[in-house]
Amino acid sequence: MQYRRLGKSGLKVSEFSFGAWVTFGKQVGEDDAVSLMGHAYDNGINFFDNAEGYEKGNAEIVMGDALKQLKWSRESFAVSSKVFWGTGKGTMDRGLSAKHVTDGAHAALKRLQVEYLDLYFCHRPDIDTPIEETVRAMHNLIVQGKVLYWGTSEWTAQQLTEAYAVARANNLTPPTMEQPEYNVFRREKVEAEFLPLYDLFGLGTTIWSPLASGILTGKYNNGIPADSRVALPGYEWLKARLESPQGQDQLAKVQKLAKLADEAGLPIHHMALLWCLANPHVSTVILGASRLSQLKDNLKALDARAKLTPDVLAKIEEIVGNKPAGPQRY
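Residues numbered from 1 in each chain as written. Predicted model: local features only at pLDDT ≥ 70, side-chain atom pairs only at ≥ 80, totals over all residues. Heavy atoms only, no water.

Caption draft 1: Spotlight on the environment of Glu193. Inspection of the secondary structure puts Glu193 in helix H6 (residues 188-193). Residue classification places Glu193 among the partly exposed positions, given a relative accessible area of 28%. The spacing of Glu193 and Leu251 is 58 residues in sequence and 26 Å in space, taken between C-alpha atoms. Setting aside residues no more than four positions away along its own chain, Glu193 makes contact with Thr156, Ala157 and Glu188. Here Ala157 takes part through its backbone nitrogen, which lies 2.6 Å from a polar atom of the side chain of Glu193. (Helix = DSSP H or I, 4+ residues; strand = E, 2+ residues; numbered from the N terminus. Buried < 20%, exposed > 50% of the residue type's maximum accessible area, 1.4 Å probe, protein only. Contact = heavy atoms within 4.5 Å. Polar contact = N/O pair within 3.5 Å; in protein donor to acceptor, adjacent residues only side chain to side chain.)

Caption draft 2: Main features of the sheet that holds strand E8 (residues 177-178). Pairing is parallel around the closed barrel formed by eight strands, whose spatial order is E3-E4-E5-E6-E7-E8-E9-E10. With two bridges connecting them, strand E4 (residues 47-49) and strand E5 (residues 78-83) associate as parallel partners. Directly across from Phe48, in E5, lies its bridge partner Val79. Sheet strands touched by helix H3 (residues 98-112): E5 and strand E6 (117-122). Its angle to E6, the strand with the most contacts, is close to 135°. (Pairing = 2+ DSSP bridges. Axes fitted to C-alpha atoms, helices over the stretch in contact; angles between N-to-C directions.)

Caption draft 3: Representation of the side chain of His123. Residue position: His123 is located in the loop between E6 and helix H4 (131-143). Here the side chain of His123 touches Trp85 through a polar contact of 3.4 Å, side chain to side chain. Ignoring any residue separated from it by four or fewer positions in sequence, one finds His123 in contact with Ala51, Tyr54, Lys82, Val83, Phe84, Trp85 and Ser153.

Without other data, these values stay purely geometric and don't point to any function.
What follows is the structure in structure tokens.
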């Protein structure tokens, strides 16, 4: 396992990290969490990702109980939470107001059973709250020692630029990282929109859905398996995505990618994970798994780095045909 700086911060995170989305508190209980997190940690993973919105806080409770059992030294791992969706139905239990950002951090600390959050993300932008209010709330949590680094998820470059400007103008702490979706089918933010921000602000990225919600495993090439997450309540959006014209086009490309991966001597999902790691602006790729066998398999991708040659990367580009255009020189 290799380690990368989180943007231009001093924090070094493992190139693969482990997240709780979809699984913890739904498919994964405390015992399985201990097994999964223990194996991840023993294989070099030092960053564990979570959010208040994952199963209404239950994912954090499961992870917190697992951390208590595992008894790792606190300096050896980083844990995150995200704030926006809330866990209840109260009018103030949502968004990025100073109150919810603060209450959300305190609640996450209790659920995760830690004294501070290494990373704290604004899970989505809140157009009803001034960005300055959110920046100041995050800064205050950092000054209090309850959060070390704060960032965003699925913000636009314009919103991030505003946050940095507010922070610099008011001597506040700016965001350190953004958590966008990134895979061979979702590239615009990471490869084009954020391109000026990496050097200008030292932005780091903790990317999610590297396998495009399982599409890049090839398991949907012959229809939807009965045990797929598509059958789970709340994931109707994924079925609609697969059945859409765009989804059908992606599945056709996945079949071509699978053939290319086979020729290169590695499974398609390993190729997809390594493709994400090949981007120098990716600080860490968040893995998800409900079974230990899944996690072990994904980690084996690191053994096949040498197979992702420039020639294979070029052929991937030919198949997907969606490389974002860079800044134009006139």
